[in-house]
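Here is what each chain is made of, one letter per residue.
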Amino acid sequence: MLSERRLEVLRAIVQDYVGTEEPVGSKALTERHRLGVSPATVRNDMAVLEEEGFIAQPHTSAGRIPTDKGYRLFVDKLAGVKPLSSPERRAIQNFLDGAVDLDDVVGRTVRLLAQLTRQVAVVQYPSLTRSTVRHVELLALAPARLMLVLITDTGRVEQRLIDCQGPFGEASLADLRARLNSRVVGRRFADVPQLVQDLPDSFEQEDRGTVSTVLSVLLETLVEETEERLVIGGTANLTRFGHDFPLTIRPVLEALEEHVVLLKLLGEAKDSGMTVRIGHENAHEGLASTSVVAVGYGSGDEAVAKLGVVGPTRMDYPGTMGAVRAVARYVGQILAES
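Residues numbered from 1 in each chain as written. Predicted model: local features only at pLDDT ≥ 70, side-chain atom pairs only at ≥ 80, totals over all residues. Heavy atoms only, no water.

A separate point is the overall build of the chain. Looking only at helices and strands, one finds 12 helices and 10 strands in the chain. Here the C-alpha radius of gyration of the chain, 26 Å, is well above what a compact globule of 338 residues would show, namely 20 Å. Within the span of the chain, comprising 338 residues, buried residues form 49% of the whole. Across the chain, contacts joining residues at least 24 apart in sequence account for 60% of those joining residues at least 6 apart. (Helix = DSSP H or I, 4+ residues; strand = E, 2+ residues; numbered from the N terminus. Rg over C-alpha atoms; globule rule 2.2 N^0.38 Å. Buried < 20%, exposed > 50% of the residue type's maximum accessible area, 1.4 Å probe, protein only. Contact = heavy atoms within 4.5 Å.)

Written out as structure tokens, the structure reads:
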């Protein structure tokens, strides 16, 4: 175990390197931080930190920089989550409050996260496998043509046109709408097929064909919508960190284009707590020089999706974690109110 003083030296090295982009020497540390010991003692502490793999020397005459292991210890033990200022919180709320629908919420969230953190922002659409039905609307467009509108608890709206086998009266339509909603409202998508399977049998013989058609379109819509969707923004921010990526940023950009990779990075939505993956903890080799900060968001206690940022390992972890957490909270509030 490292002593308190050596932990303080590591904290100072991380903060200085993140702030200055320059390797950190013992003289600069004693000048900038109140460590209460001489440069010689700090040099000795740095030698121990280097021996244990928490810092490294990038080239012979330089100071030291944190390794992935050093950043990990910093995040786990030394870094608090930096709260946003009141003006920042108000700006987030005002920007997100202007959203008109779910697509707009997700789009605004990506732009906001990228601006706040100056990293690449990734936002997963609420997963419909964890969603529930808020309402099913059925509208008559013509005697034998209907529109089905599915509204989820996360504010997602899906519309489908249905051509019926024959005319379907207004009274039958109202009856189907009422019975359908009484069975599926508030229920999870996965439970819906079982809840509606015997519904056609409760209608008159001449209406059963249309009721079956409506149900099959509804079930198809539920299945289609369970695929995971992502929005990514702020990729241009990576160009500001060219020197943080060995050789080139191309592997990072290529990895970011693979949505399967990004979904794995964000992790399972049900793990709603903050996760920070640093450098080689990311399984994809193209992202070995990046860190990922992600957290779940949702309309209640349960997370329905994840959002986060991808940036170089030389990242302002307390500030990034604070911004990601605050944005997730506001998005959750908007979904709860929508």
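Time to look at helix H7 (residues 170–184). Relative to the 21 Å expected for 15 residues at 1.5 Å per residue, H7 spans 21 Å between its end C-alpha atoms, a close match to the ideal helical length. Among all positions of H7, only Ser 172, Leu 173, Leu 176, Leu 180, Asn 181 and Val 184 are buried. Looking straight down H7, one finds its buried side chains confined to an arc of 155 degrees; they lie on one side. Every exposed residue of H7 that faces more than 90 degrees away from the buried side is listed here: Ala 171 and Ser 182. Gly 186 occupies a position one or two residues after H7 and carries a positive phi of about 85 degrees. (Expected span 1.5 Å × (residues − 1). Arc of directions from axis to C-beta.)

Right, let's talk about the sheet that holds strand E10 (residues 305–312) for a bit. If you trace the 5 strands from one edge of the open sheet to the other, you get E7-E3-E10-E9-E8, paired in antiparallel fashion. What marks the edges here is a single partner per strand, and that holds for strand E7 (230–233) and strand E8 (275–278). Here the average twist between neighbouring strands, direction ignored, is 15 degrees. By the bridge criterion, 4 bridges tie strand E3 (residues 120–124) to E7 in an arrangement that is antiparallel. Paired with Ala 121 across the strands is Gly 233, a residue of E7. Docked against the sheet, helix H6 (residues 102–117) engages E3, E7 and E10, running at close to 150 degrees with respect to E3. (Pairing = 2+ DSSP bridges. Axes fitted to C-alpha atoms, helices over the stretch in contact; angles between N-to-C directions.)

What follows deals with the pairing of strand E4 (residues 133–142). Relative to strand E5 (residues 145–152), E4 is paired through 8 bridges, and the arrangement is antiparallel. If you follow Val 133 over to E5, its bridge partner there is Thr 152. Linking E4 to E5, which pair antiparallel, is a turn of 2 residues.

With that out of the way, let us pick up a nonpolar patch on the surface. Among the surface-exposed residues, Leu 139, Leu 141 and Leu 161 lie close enough to one another that they form a single nonpolar patch of about 260 Å² accessible area. Tracing the chain through its elements places Leu 139 in strand E4. (Patch = residues over 30% accessible without salt bridge, like charges linked within 9 Å, V, L, I, M, F, W, Y side chains within 5 Å. Areas by Shrake-Rupley, 256 points an atom, 1.4 Å probe, with all protein chains shown as cover. Salt bridge = Lys/Arg side-chain N within 4 Å of Asp/Glu carboxyl O.)

Taken as a whole, this structure holds 15 salt bridges when the rule is applied. Across the pair Asp 16 and Arg 32 runs a salt bridge, and its minimum N-O distance is 2.8 Å. Of this pair, Asp 16 sits in helix H1 (residues 4–20) while Arg 32 sits in helix H2 (residues 26–32), and the two are 16 residues apart along the sequence. The exposure class assigned to Arg 32 is partly exposed, which follows from its relative accessible area of 49%. The residue Arg 72 makes a salt bridge to Glu 281 at a minimum N-O spacing of 2.7 Å.

Within the secondary structure layout, Ala 328 lies in helix H12 (residues 317–337). Accessibility expressed as a relative area gives 7% for Ala 328, which makes it buried.

One pass over the structure, following the stated rule, counts 1 aromatic pair. A ring pair is formed by Tyr 71 and Tyr 317, whose centres lie 5.6 Å apart and whose planes are at 50 degrees; its orientation type is tilted. Placement of Tyr 71 in helix H4 (residues 68–78) and of Tyr 317 in helix H12 is noted, with a sequence separation of 246 residues between them. Given the relative accessible area of 2%, Tyr 71 is considered buried. A relative accessible area of 0% places Tyr 317 in the buried class. Lying across the ring of Phe 203, Arg 179 places its NZ or CZ 4.1 Å from the centre. Over the aromatic face of Tyr 125 sits the side chain of Arg 229, whose NZ or CZ is 4.1 Å from the ring centroid. (Phe/Tyr/Trp six-rings, centres within 6.5 Å; stacked < 30°, edge-to-face > 60°. Lys NZ or Arg CZ within 6 Å of the ring centre and 35° of its normal.)

Before going further, it helps to examine the sheet that holds E5. Spatial ordering of the open sheet is given by E4-E5-E6, a layout of 3 strands whose pairing is antiparallel. The open sheet has two edge strands, E4 and strand E6 (157–163), and neither has a second partner. For this sheet, the mean angle separating the axes of adjacent strands, direction not counted, is 20 degrees. As paired strands, E5 and E6 are joined by 7 bridges and run antiparallel to one another. Its bridge partner being in E6, Leu 148 is matched across the sheet by Arg 160.

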